[in-house]
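# Secondary and tertiary structure notes
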Amino acid sequence: RDPHPGAADGSALGDRTNAFLIETLKPRIDREYRTLPERANTAVVGSSMGGSMAVRLGFSRPDLFSRVAALSPSYQNTLAASPGMPDFIRAQRPPMPFRLHQDIGSVERIRDLGPELLARNVTAVRDAARAAGILQRMNPTEHAPSFLHAIDALAATSPEYRGGLTDHAAMA
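Quick summary incoming for the structure in this document. Just so you know, these numbers come straight off a predicted model, no measurement behind them. (Residues numbered from 1 in each chain as written. Predicted model: local features only at pLDDT ≥ 70, side-chain atom pairs only at ≥ 80, totals over all residues. Heavy atoms only, no water.)

### A look at the overall build of the protein chain
Across its full length, the protein chain holds six helices and four strands. Going from the N terminus to the C terminus, the protein chain shows its helices and strands as α-β-α-β-α-α-β-α-β-α. Burial status across the protein chain gives 47% buried among its 172 residues. Restricting the contact set of the protein chain to residue pairs at least 6 apart, pairs at least 24 apart contribute 73%. Element-wise, carbon and sulfur atoms account for 56% of the exposed surface of the protein chain, whose accessible area totals about 8600 Å². (Helix = DSSP H or I, 4+ residues; strand = E, 2+ residues; numbered from the N terminus. Buried < 20%, exposed > 50% of the residue type's maximum accessible area, 1.4 Å probe, protein only. Contact = heavy atoms within 4.5 Å. Areas by Shrake-Rupley, 256 points an atom, 1.4 Å probe, with all protein chains shown as cover.)

Now the structure itself:
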């Protein structure tokens, strides 16, 4: 039983949202604010379903993003799609440096899906990123004890883990 209706036909992958982010929002932010718009300074971050969308966007457009963070990602929708998220990632070869952060709580639940399935999905994506050439030190996965599926996921992670999103030295 698919907990994410629309996943099999691709409608739950976030392609329209991601197109808006890269075609409309990012250019507007770069135009109206003093940003460092280059790939080396640009990350995409999402939580839950947005985490899986961020991973898909980051790996689809590594010309724009050098960092991706998926906080409590909900990969169930993209695992049912064709190709599934791990297969999609394995087929990519993002230019280096490229960094993928993921976190997952040890007691997370999404609807009736338990922590074992969610952790297995995150591990499958981590392993696929390694197969795509992203070194382990650039591909950490943090399992936060007693952590629930929540928007404050990043706050529960270690300072070293959070630093990889913004620290340019961590990208070297």
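Read on for the rest.
### As for a nonpolar patch on the surface
The grouping of Phe20, Leu25, Ile29 and Tyr33 at the surface amounts to a nonpolar patch, some 380 Å² of accessible area in total. Considering the arrangement of structural elements, one finds tyrosine 33 in the loop between helix H1 (15-32) and strand S1 (43-47). (Patch = residues over 30% accessible without salt bridge, like charges linked within 9 Å, V, L, I, M, F, W, Y side chains within 5 Å. Salt bridge = Lys/Arg side-chain N within 4 Å of Asp/Glu carboxyl O.)

### Some words on the pattern of salt bridges
Scanning all chains against the criterion turns up six salt bridges. With a shortest N-O distance of 3.1 Å, aspartate 15 and arginine 56 are connected by a salt bridge. Residue aspartate 15 is located in helix H1, and its partner arginine 56 is located in helix H2 (residues 49-60); the two are separated by 41 residues in the primary sequence. Of the residues examined, arginine 56 reaches a relative accessible area of 17% and is grouped as buried. Arginine 61 is the salt-bridge partner of aspartate 63, the closest N and O atoms lying 2.7 Å from each other.

### With respect to the environment of proline 86
Within the secondary structure, proline 86 sits in helix H4 (residues 85-90). Each C-alpha atom, one on proline 86 and one on tyrosine 75, is 9.6 Å from the other, the two residues being eleven residues apart in sequence.

### Re the environment of asparagine 18
Note that asparagine 18 resides in helix H1. Between the alpha carbons of asparagine 18 and arginine 61 there is a distance of 10.0 Å; along the sequence they are 43 residues apart.

### Quick notes on the packing of H1 against H2
For the pair H1 and H2, interaxial distance at closest approach is 10 Å and the crossing angle is 60°. Considered as vectors, H1 and H2 are oriented oblique to each other. Note on packing geometry: the crossing formed by H1 with H2 is right-handed. Taken together, the residues of H2 that come into contact with H1 (itself represented by Asp15, Thr17, Asn18, Leu21 and Ile22) are Met53, Arg56 and Leu57. Grouping the amino acids of the contact of H1 with H2 by side-chain chemistry returns four nonpolar, two polar and two charged. (Axes fitted to C-alpha atoms, helices over the stretch in contact; angles between N-to-C directions. Parallel < 35°, antiparallel > 145°, perpendicular 65-115°, else oblique. Left-handed = near helix turned anticlockwise from the far one by under 90°. Nonpolar A, V, L, I, M, F, W, Y, C, P; charged D, E, K, R; others polar.)

### What to know about unusual backbone geometry
A cis amide bond, omega 0°, links methionine 96 with the succeeding residue proline 97. Relative to the helices and strands, proline 97 resides in the loop between H4 and strand S3 (99-105). We note that serine 48 has phi near 60°; this positive angle belongs to a residue other than glycine. Summarising the element assignment, serine 48 is placed in the loop between S1 and H2. Residue classification places serine 48 among the partly exposed positions, given a relative accessible area of 22%. Notably, serine 72 is not glycine yet its phi reads approximately 50°, a positive angle. With respect to the element layout, serine 72 can be found in the loop between strand S2 (67-71) and helix H3 (76-80). Among the residues examined, serine 72 registers a relative accessible area of 0% and is labelled buried.

Worth remembering: the numbers are spatial, not functional.
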